[in-house]
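Here is what each chain is made of, one letter per residue.
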Amino acid sequence: MKLQAVLFDLDGVITDTAEYHYLAWKQMADHIEIDIDREFNETLKGISRMESLERILIHGKRERDFSGEQREALAKEKNDHYVSLLTHLSPENTYPGILELLEQLNQVHIPVVLTSASKNAPQILKSLELEDKFQYIVNPDGITGKPAPDIFLKGAQAVSADPKYCIGIEDAQAGIEAIKAAGMYAVGIGEERLLSIAGADIVYDSTAKLDLYSLINAASLAS
Ligand code: BG6
Ligand code: MG
């Protein structure tokens, strides 16, 4: 495989902010008397803020109870809490192996792209001091969200890479589906069972197991 780009999700791949999203949604949901658990949370991973809120309201059978304005207020409540959890984020919060992988990719001049649905992503990369490792950050505004392939296709196009020679790395089922729909090799981080169902080509239970040369080998064998 002539690897042309690696596209990274952020929350749950580069750092543990997927957990913060869960805690912030859980508190907001409690507030409107909707019970969410970790299993349901898997269906929120990779999904935009407003779409996640909609899914929570449907889950609690309360989708008719809130106006557009009230939904905006609920989303703001969740985001304010989430952002307050980010204040202590520092380079030490980068998941194991990620900095090394980014540096290896930079050294061999393989473009690195961020394909996160989060509007908070640029701020998080800054706190982790990782912004200069990325050649391109896709702005999720106005792009059809995961599981649609659009964000990954946009990222590949931005660095002139052919999707079939790209690797995408994701912790979310919706994200793995998006990578596969874009025609890329999908690396899952997390639970094998959940991510294989979504179509992951390979799953690691920890980012510590990511290594550029084993990724290239695995992707070559698959193609
Ligand atoms: C994704 C997360 O990366 O970003 C989702 O997996 C989150 O949980 C989405 O809802 C949007 O994030 P934000 O920061 O714009 O609310
Ligand atoms: Mg994620």
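The rules behind each value
- Residues numbered from 1 in each chain as written.
- Chains lettered and ligands numbered in written order.
- Predicted model: local features only at pLDDT ≥ 70, side-chain atom pairs only at ≥ 80, totals over all residues.
- Heavy atoms only, no water.
- Helix = DSSP H or I, 4+ residues; strand = E, 2+ residues; numbered from the N terminus.
- Buried < 20%, exposed > 50% of the residue type's maximum accessible area, 1.4 Å probe, protein only.
- Lys, Arg positive; Asp, Glu negative; His and termini not counted.
- Salt bridge = Lys/Arg side-chain N within 4 Å of Asp/Glu carboxyl O.
- Contact = heavy atoms within 4.5 Å.
- Pairing = 2+ DSSP bridges.
- Axes fitted to C-alpha atoms, helices over the stretch in contact; angles between N-to-C directions.
- Domains from an automatic or database assignment.
- Buried area = accessible area lost by both parts, 1.4 Å probe.
- Polar contact = N/O pair within 3.5 Å; in protein donor to acceptor, adjacent residues only side chain to side chain.
- Nonpolar A, V, L, I, M, F, W, Y, C, P; charged D, E, K, R; others polar.

Student: When you look at the side chain of Asp171 in this model, what are you seeing that I'm missing?
Tutor: Residue position: Asp171 is located in the loop between strand 4 (166-170) and helix 8 (173-181). Of the side chains with opposite charge, Lys45 lies nearest to the buried Asp171, which makes no salt bridge, at 4.2 Å. Not counting residues within four places of it along the chain, the set of residues in contact with Asp171 comprises Asp9, Asp11, Gly12, Val13, Ala18, Lys45, Ile189 and Leu195.

Student: Can you help me understand the sheet that holds strand 2 (residues 112-114) in this one?
Tutor: One key point about sheets: their strands pair by backbone hydrogen bonds, in either a parallel or an antiparallel sense. Sheet architecture is open: 6 strands sit in the order 3-2-1-4-5-6, paired in parallel fashion. Of all the strands in the sheet, just strand 3 (136-137) and strand 6 (202-204) have a single pairing partner and so form its edges. Where strand 1 (residues 5-8) meets strand 4, 4 bridges bridge the pair, whose relative direction is parallel. Across the sheet, Phe8 pairs through a bridge with Ile169, a residue of strand 4. On top of the sheet, helix 8 reaches strand 4 and strand 5 (185-189); it is set at about 170° to strand 5, its chief contact. Packed onto the sheet, helix 10 (residues 212-222) meets strand 4, strand 5 and strand 6 and runs at close to 130° relative to strand 5.

Student: What is the right way to read the pattern of salt bridges from this model?
Tutor: Side chains that differ in sign of charge can pair as their charged atoms come close. One pass over the structure, following the stated rule, counts 15 salt bridges. The salt bridge partner of Arg193 is Glu191, with a shortest N-O separation of 3.1 Å. Salt bridges sharing partners connect three or more residues here, namely Asp9, Lys146 and Glu170.

Student: Where do I start with the domain arrangement of the chain in this structure?
Tutor: In many reports, interface size means the accessible area that the parts give up when they come together. Under the domain assignment, the chain is made up of domain 1 (5-15 + 92-222) and domain 2 (18-88). When each unit is reduced to the centre of its C-alpha atoms, the spacing between domain 1 and domain 2 is 24 Å. In total, domain 1 and domain 2 occlude about 1000 Å² of area from one another, counting both sides; carbon and sulfur atoms represent 51% of this. It is Asp11, Asn120 and Asp171 in domain 1 that bury the most area against domain 2; as a group they hold 33% of the surface buried on that side. If you look at where domain 1 meets domain 2, you find 0 salt bridges. Our enumeration of links across domain 1 and domain 2 arrives at 3 residue pairs in polar contact (both at pLDDT 80 or more). A per-class count over the side of domain 1 that touches domain 2 returns 5 nonpolar, 4 polar and 4 charged.

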